[in-house]
Every structure is written in structure tokens, then in C-alpha cells.
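What follows is each chain in one-letter form.
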Amino acid sequence: MKKHETRLRVRSYELDFFGHVNNAVFLNYLEFSRVEFMRSLGVTFEEFYRIKQLPVVVNVTINYKRPCLLDDEILVTTAVSKVGNSSFTIHSEGYNVTDGNQLAFDADVTLAMMDTEKGSSSPLPDMLREKLNSVTWSQS
């Protein structure tokens, strides 16, 4: 499966005191690329609201490799790395295109399905499981 690609540009308000993208901003990059990835699969939040189940982030691991600076173009690749009974993991890699496509960060984000009426964990909906399984890739 070809990984989904999302491009973005570093904006001035994302920088820290040292002129680098603030560590917390990478969570926004991951969220943006994850939503675009899900949209590419035909999965929308409207569908989640309709079935009263939402994927919620339960774990994030980010490895920072190189700094990103003002106006750098970042290419984020996104793919499913694991599908469980009630959760799935998205693996992302961020490349600084401006800096010769250097790996700037990689991350794993685990999301669990939550039943919005009960406020508890629920199994992945069949439509989501099928779409995620069709695009799962191995990092090996």
C-alpha cells in the first residue's frame, strides 16, 4: 500500500524561542495528516457521529530527529501499522522537503474506539476495520 502523503508549511506562530517548530506543534501536524488520511479512505467524522462511536487518541510516541524552521515544507507520510479489536495504530513520518527530504520526526498514534453514549471502549465498526485492514502496511 502506498502511504498517504500530506504537505504543509511551517508557520511563524508554530515556532519556539529558538526558532524551531515547538514540540507540541507536531501533534497538530499528526492530527492534520491523520484526518486527511482517513478522508482519503472515505472515512469521515460525520459517519462516526452517526454511528455514535469516535476514535480517540490513547497514546502518542514521537521521535524528534531534526528541527523544522520557518517556511520549511514538511511532507508527512501516514499509514496504518496495526489493527486490533477496538483500537488501531497510525504510523507517520515527517520529512523536511526544504532540507533535502531529511527525516524530521516519526510517530505512532494509537486510537481506540469509544461509544459516545456509554463513554466506554467499543469494538471497531466493521466499515472501519475493512478499510483499515485494506491499507495496513508492515514497517519491517
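The coordinates are above.
Note that the coordinates shown come from a computational prediction; the quantities given were computed from them, not determined experimentally.

Calculation rules
- Residues numbered from 1 in each chain as written.
- Predicted model: local features only at pLDDT ≥ 70, side-chain atom pairs only at ≥ 80, totals over all residues.
- Heavy atoms only, no water.
- Core = buried A, V, L, I, M, F, W, Y, C linked by side-chain atoms within 4.5 Å.
- Buried < 20%, exposed > 50% of the residue type's maximum accessible area, 1.4 Å probe, protein only.
- Contact = heavy atoms within 4.5 Å.
- Helix = DSSP H or I, 4+ residues; strand = E, 2+ residues; numbered from the N terminus.
- Pairing = 2+ DSSP bridges.
- Salt bridge = Lys/Arg side-chain N within 4 Å of Asp/Glu carboxyl O.

Before going further, it helps to spend a moment on the nonpolar core. Counting residues in each nonpolar core, the largest one holds 30 residues, and the members touching the most others are Tyr29, Met38, Phe88, Phe105 and Leu128. For Tyr29, the contacting residues outside a window of four places in its chain are Leu8, Val10, Arg11, Glu14, Val21 and Phe105.

Here we come to the pairing of strand E1 (residues 4–9). Residues His4, Thr6 and Leu8 of E1 are buried on one face, while the alternating residues Glu5, Arg7 and Arg9, pointing to the opposite face, are not. Note that E1 and strand E3 (residues 73–83) share 6 bridges and pair antiparallel. Paired with Thr6 across the two strands is Val76, which belongs to E3.

In the structure shown here, the tally under the stated rule is 10 salt bridges. When the shortest N-O distance is used, the salt bridge between Lys3 and Glu93 registers 3.8 Å. Of this pair, Lys3 sits in the segment before E1 while Glu93 sits in strand E4 (residues 87–96), and the two are 90 residues apart along the sequence. Its relative accessible area of 28% is what places Lys3 among the partly exposed residues. Of the charged contacts in the structure, one is a salt bridge between Arg66 and Asp99, with a shortest N-O distance of 3.1 Å. Here the residue Arg66 occupies a position in the loop between strand E2 (53–64) and E3, and Asp99 occupies one in the loop between E4 and strand E5 (102–115), the gap between them amounting to 33 residues. Relative accessible area serves as the criterion here: at 36%, Arg66 is assigned to the partly exposed category. With relative accessibility at 33%, the residue Asp99 sits in the partly exposed group.

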